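What follows is the residue order along each chain.
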Amino acid sequence: WDTGNGRPLRSLTQRPYFMASAFSEDGRQMVTGHKDGTVRIWDIETGAVSQAAAPRGKSKTGKVEDPDPIRTVWVDPRGELFVTSDSGGTVTVWSLTSKKPVLILPNRSATTPLIHAARIAADGQNLIVLASKSFKGVDMVSTYDVKTGAQVSSYDLPEKHNFVDNGIVREDEAIVLFSSPECERG
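Residues numbered from 1 in each chain as written. Predicted model: local features only at pLDDT ≥ 70, side-chain atom pairs only at ≥ 80, totals over all residues. Heavy atoms only, no water.

Draft legend 1. Region of interest: the environment of Ala174. Along the chain, Ala174 falls in strand β14 (residues 173-178). Residue Ala174 is classed as partly exposed on the basis of its relative accessible area, which comes to 36%. For the pair formed by Ala174 and Leu130, sequence separation is 44 residues and the distance between their alpha carbons is 8.7 Å. (Helix = DSSP H or I, 4+ residues; strand = E, 2+ residues; numbered from the N terminus. Buried < 20%, exposed > 50% of the residue type's maximum accessible area, 1.4 Å probe, protein only.)

Draft legend 2. Inspection of the pairing of strand β12 (residues 151-156) at higher detail. In the sheet, strand β11 (residues 139-145) pairs with β12 via five bridges, with the strands oriented antiparallel. By the bridge assignment, Ser142 is partnered in β12 with Ser154. (Pairing = 2+ DSSP bridges.)

Draft legend 3. Just the pattern of salt bridges, in detail. Throughout the structure, instances matching the rule amount to one salt bridge. Salt-bridge contacts for Asp76 lead to Arg78; the nearest nitrogen and oxygen are separated by 3.6 Å. Take Asp76: its relative accessible area is 2%, and that puts it in the buried class. By relative accessible area, Arg78 is classed as partly exposed at 48%. (Salt bridge = Lys/Arg side-chain N within 4 Å of Asp/Glu carboxyl O.)

Draft legend 4. A look at the side chain of Asp76. Relative to the helices and strands, Asp76 is located in the loop between β5 (70-75) and β6 (81-86). For Asp76, the contacting residues outside a window of four places in its chain are Leu81 and Phe82. (Contact = heavy atoms within 4.5 Å.)

Draft legend 5. Broad picture of unusual backbone geometry. Of note, Lys99 is a non-glycine position whose phi angle comes to about 60°, a positive value. Within the secondary structure layout, Lys99 lies in the loop between β7 (91-95) and β8 (101-105).

Draft legend 6. Summary view of the sheet that holds β5. Taken together, four strands build an open sheet; the order of strands is β5-β6-β7-β8 and the sheet is antiparallel. Of all strands in the sheet, those bounded by a partner on one side alone are β5 and β8. Taking the axes of each pair of neighbouring strands and ignoring which way they run, one obtains an average angle of 15° across the sheet. Pairing of β6 with β7, which is carried by five bridges, proceeds in the antiparallel orientation. From the neighbouring strand, Phe82 faces β7, where its bridge partner is Trp94. (Axes fitted to C-alpha atoms, helices over the stretch in contact; angles between N-to-C directions.)

Draft legend 7. The arrangement of the nonpolar core in detail. Ranked by internal contacts, the top residues of the largest apolar core, which has 16 residues, are Val83, Val91, Val93, Ile120, Leu127 and Val129. For this core, the elements supplying multiple residues, two or more each, are β6, β7, β8, β9 (114-120), β10 (126-132) and β11. Excluding residues within four positions of it along the chain, Ile120 makes contact with Trp74, Leu81, Val83, Val93, Asn126, Leu127 and Val146. (Core = buried A, V, L, I, M, F, W, Y, C linked by side-chain atoms within 4.5 Å.)

Draft legend 8. Molecular detail of the packing of aromatic side chains. As enumerated under the stated definition, the model contains two aromatic pairs in all. Between Phe18 and Trp42 the ring centres are 5.9 Å apart and the planes differ by 25°, which places this aromatic pair in the stacked class. Of this pair, Phe18 sits in strand β1 (residues 18-23) while Trp42 sits in strand β3 (residues 39-43), and the two are 24 residues apart along the sequence. Given the relative accessible area of 4%, Trp42 is considered buried. (Phe/Tyr/Trp six-rings, centres within 6.5 Å; stacked < 30°, edge-to-face > 60°.)

Below, the structure written as structure tokens:
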């Protein structure tokens, strides 16, 4: 949409449906994540799309599995990288130019965490991941080295604190809901 006159600029249609999206800083490209685990990069001016290969995981038996739906997308303001997370708990850092993964952090926990947001910190050194251990579990923050994938830190939020989906708002800040005894909704 053109925010100045309220008219639509372009309509993007794709099956399977969109689950997450983010614009590049210059507004010329849009990265979208889809239910079938694919990631697409759109040229907003022309509507042309190029498809990045979806990372595929291996089960414990070694069989290649279908990818999980993409839940979150974030595009680096410098226009070099973008980050996706899927419903299986895998976070992937991609090159925006080559459209290939440069770092894949598979889910290593015994449970499947619900990823609320994943992005690279303003300094470009760390990947920040906001996740829940379960749908009703304790929320946690984890940071990873962007180059090696090594975990730098991880901590749980205090009880009754929960992340908002796509809750990283700018720089390294996130929105957290707090439920007090006086307010059940937070």
